[in-house]
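The residues making up each chain are set out below.
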Amino acid sequence: MAKQGILAGPRIKRLRRDHGHTQQAMAEMLGISDSYLALIEGNRRPLTAGLILKLAELFDFDIRSLSQEEPGGGSAAMRRRLSDPLFADLSIDRAELEAWIDNAPGGIEAFARLFDRWREGGGAGMAGEGPNPVMAARREIERWRNHFADLDAQAEELADELRIGAGDLYGAIAERLRVKHQLTIRILPFDVMPDRLRRLDLHARQLQLSELLDPAARTFQAAFQLAQIEARAGIDALVAGAAFGDRPAERLYRRHVTSYFAAALMMPYGRFLRACETTGYDIQLLQRRFGAGFEQVAHRLTTLQRVGARGLPFFMLRIDRAGQLSKGYAGASGSALIDAVHRCPLWAIHQAFDQPGRLIRQLAELEDGSRWFTVARSVRHHGGAAGVPAAEHVVALGLAADHAAALAIARGIDLGGPADPIGLGCTHCQRADCVQRAAPPLGRALTINERERGLAPFSFVGD
């Protein structure tokens, strides 16, 4: 069922215009005043559940589309794009951006797609090299702010059902797969399945899991298989609604939403949110309580956006030692740190690689004055057997500093005190006095004086 309180002004305005109605005519059809409809179209009033159902009845459209129709991913995503120094001289304020979204949603979407392609490849992909499936899938995830209410509700209901039957979730999932779907789980040694972590053998009716998987990963893979079967209708609807023109992007997105259901089954929304609030979002306690890994908990924290029961607005990213991003979810945070092409070397998350298992905390400030509290930890995946190197990453969580007082991990830090200045990567950072700078900012002319040398490796016009 559609969630209440959706802001979908541009979508409703386009729907009205597509059917050739005036505001007054459409308002009469809906049984509301034209002034109230004007507020809805201006995103100043949400659509109630009753209005959503009436719109669906009158105009025959899929109500799921309301959650994904914000052009450019909505105002938060657009503000992150416009925070790029390329637009620093334009001074586009919030009111101007909202008016742009309201009056030219197609232009907003076109700008967002063009900017994202340029940002990802530094101009590559502009001359027909073909779509980037990873970016396409990520854009669709961002449209939903990585919160899929229908999947969450179904996973929570299933988790409660499994919990009644057994206290051990892995055992309960295994039993359900066996009894209801005639699938047994078999743990295979590394030498039998050396290059796979999970394999579905339909001939033998087996879900085969590698012995390299730790208990949390085994539970997740079993839940993933159950999601593929029992949440298929909801997953199919999300994938169809995305309307990808690219098969790899479609499959990446399908994998993401299936994983979403699996994580929601392990960490059911209501119980998980209550645990977060009672423990101060203590990640280590949450891991133990829900039998999950650090990365699984971190990802789940970005999804807590249920209407009427919202958690804190976290973002999450995962990087390798080269600073390359392999996962990034802005959630409801609106943070520009997710969209940065490169990570700032002054951001303390990089230190986590050299301090395995330790939580690295930092209070950081961007050039625009926004302040962020971040925590990072190194994680290793699926290694341990002879000749099997473990994949190594750092997983980082962050949220606006004014929300961080609720966190147990932030205790002892003066959240209103001095913060470490960081940027969005050297080419997108205007800080002139940074001794760590590896490249000058884009669009700024270098100044070179052979008679002197400053502390910073580059100087440029305007510094």
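Residues numbered from 1 in each chain as written. Predicted model: local features only at pLDDT ≥ 70, side-chain atom pairs only at ≥ 80, totals over all residues. Heavy atoms only, no water.

As a rule of thumb, nonpolar side chains are buried together in soluble globular proteins. Core analysis: the biggest nonpolar cluster contains 73 residues, and Tyr-253, Phe-272, Tyr-281, Leu-301 and Leu-407 have the highest contact counts within it. Among the elements that make up this core, the one with the highest residue count is helix α13 (residues 247-266) (10 residues). Setting aside residues no more than four positions away along its own chain, Leu-301 makes contact with Phe-272, Cys-276, Tyr-281, Ile-283, Leu-312, Phe-314 and Leu-397. One finds Phe-315, Ala-340, Ile-422 and Leu-424 within the second-largest nonpolar core, a separate group that totals 24 residues. (Core = buried A, V, L, I, M, F, W, Y, C linked by side-chain atoms within 4.5 Å. Buried < 20%, exposed > 50% of the residue type's maximum accessible area, 1.4 Å probe, protein only. Helix = DSSP H or I, 4+ residues; strand = E, 2+ residues; numbered from the N terminus. Contact = heavy atoms within 4.5 Å.)

A word on the pairing of strand β2 (residues 198-201). On any regular strand, side chains alternate: one points to one face of the sheet, the next to the other face. When β2 meets strand β3 (residues 206-210), the two strands line up antiparallel, connected through 4 bridges. The residue bridging Asp-201 from the neighbouring strand is Gln-206, located in β3. Connecting β2 to the antiparallel partner β3 that follows it, the hairpin turn spans 4 residues, and Arg-205 within it adopts a positive phi of roughly 55 degrees. (Pairing = 2+ DSSP bridges.)

What follows concerns the pattern of salt bridges. If you walk through the whole model with that rule in mind, you get 18 salt bridges. We note a salt bridge from Arg-196 to Asp-195, for which the minimum N-O separation is 3.5 Å. Given the relative accessible area of 45%, Arg-196 is considered partly exposed. Among the ionic pairs, Arg-371 bridges to Glu-365, the shortest N-O distance being 3.4 Å. One connected set of salt bridges, linked through shared partners, spans Glu-109, Glu-140 and Arg-143. (Salt bridge = Lys/Arg side-chain N within 4 Å of Asp/Glu carboxyl O.)

A few words now on the packing of α13 against helix α16 (residues 294-301). The interhelical angle for the contact between α13 and α16, taken along N-to-C directions, is 100 degrees, at an axis separation of 11 Å. With respect to their mutual orientation, α13 and α16 come out roughly perpendicular. Note on element contacts: α16 touches α13 through Gln-296, His-299 and Arg-300, opposite His-256, Tyr-260, Ala-263, Ala-264 and Met-266. Across the contact of α13 with α16, the residue classes tally to 4 nonpolar, 3 polar and 1 charged. (Axes fitted to C-alpha atoms, helices over the stretch in contact; angles between N-to-C directions. Parallel < 35°, antiparallel > 145°, perpendicular 65-115°, else oblique. Nonpolar A, V, L, I, M, F, W, Y, C, P; charged D, E, K, R; others polar.)

Quick look at unusual backbone geometry now. The backbone of Arg-145 shows a phi angle near 55 degrees, a positive value even though the residue is not glycine. Residue position: Arg-145 is located in the loop between α8 (133-143) and α9 (149-165).

Moving on, we come to the sheet that holds β2. If you trace the 3 strands from one edge of the open sheet to the other, you get β1-β3-β2, paired in mixed fashion. Each edge of the sheet is formed by a strand with only one pairing partner; in this case those strands are β1 (184-188) and β2. For this sheet the average axis-to-axis angle between neighbouring strands, irrespective of direction, equals 25 degrees. In the sheet, β1 pairs with β3 via 5 bridges, with the strands oriented parallel. In the strand pairing of β3, Arg-186 is matched with Gln-208. Each of β1 and β3 is contacted by helix α10 (residues 169-181), which is oriented at about 120 degrees to β1, the strand it contacts most.

Turning our attention to helix α12 (residues 232-242). What α12 keeps buried is the set Ile-235, Leu-238, Val-239 and Ala-242. Taken end-on, α12 shows its buried residues confined to a sector of 95 degrees, consistent with a single buried face. Turned more than 90 degrees away from the buried face of α12, the exposed residues are Ala-233 and Ala-240. Positive phi shows up at Ala-243, right after α12, with a value of about 50 degrees. (Arc of directions from axis to C-beta.)

Time to look at the pairing of strand β6 (residues 315-319). Counting buried positions along β6 gives 5 out of 5 residues, so the element sits mostly inside the fold. Of the two faces of β6, both are covered, the one formed by Phe-315, Leu-317 and Ile-319 as well as the one formed by Met-316 and Arg-318. As defined by bridge partners, β6 adjoins strand β10 (residues 391-400) across 5 bridges and the pair is classed as antiparallel. Following the sheet pairing, Met-316 is matched in β10 by Leu-397. Across 4 bridges, the pairing between β6 and strand β7 (residues 325-329) is antiparallel. Within β7, the residue paired with Leu-317 across the bridge is Gly-328. What sits between the antiparallel neighbours β6 and β7 is a turn of 5 residues, in which Gly-323 has the positive phi angle 80 degrees.

The strand order β7-β6-β10-β9-β8-β11 describes an open sheet built from 6 strands, whose pairing is mixed. With partners counted over all chains shown, the strands left at the sheet margins are β7 and β11 (420-421), one partner each. Both strand β9 (residues 371-381) and β10 contribute to a ladder of 10 bridges, which runs antiparallel. Across the sheet, residue Arg-377 finds its bridge partner in β10, namely Val-395. Where α16 meets the sheet, its contacts fall on β6, β7, β9 and β10, and the angle it forms with β10 comes to roughly 30 degrees.

Before going further, it helps to spend a moment on helix α4 (residues 49-59). Each α-helix winds once per 3.6 residues, and so residues spaced three or four apart point in a common direction. All buried positions along α4 are accounted for by Ala-49, Leu-51, Ile-52, Leu-55, Ala-56 and Phe-59. Down the axis of α4, the buried set is contained in an arc of 165 degrees. They therefore lie on one face. Where α4 is buried, its residues touch α1 (9-18), α2 (23-30) and α3 (34-41). Of the residues one or two after α4, Asp-60 is the one with positive phi, at around 55 degrees.

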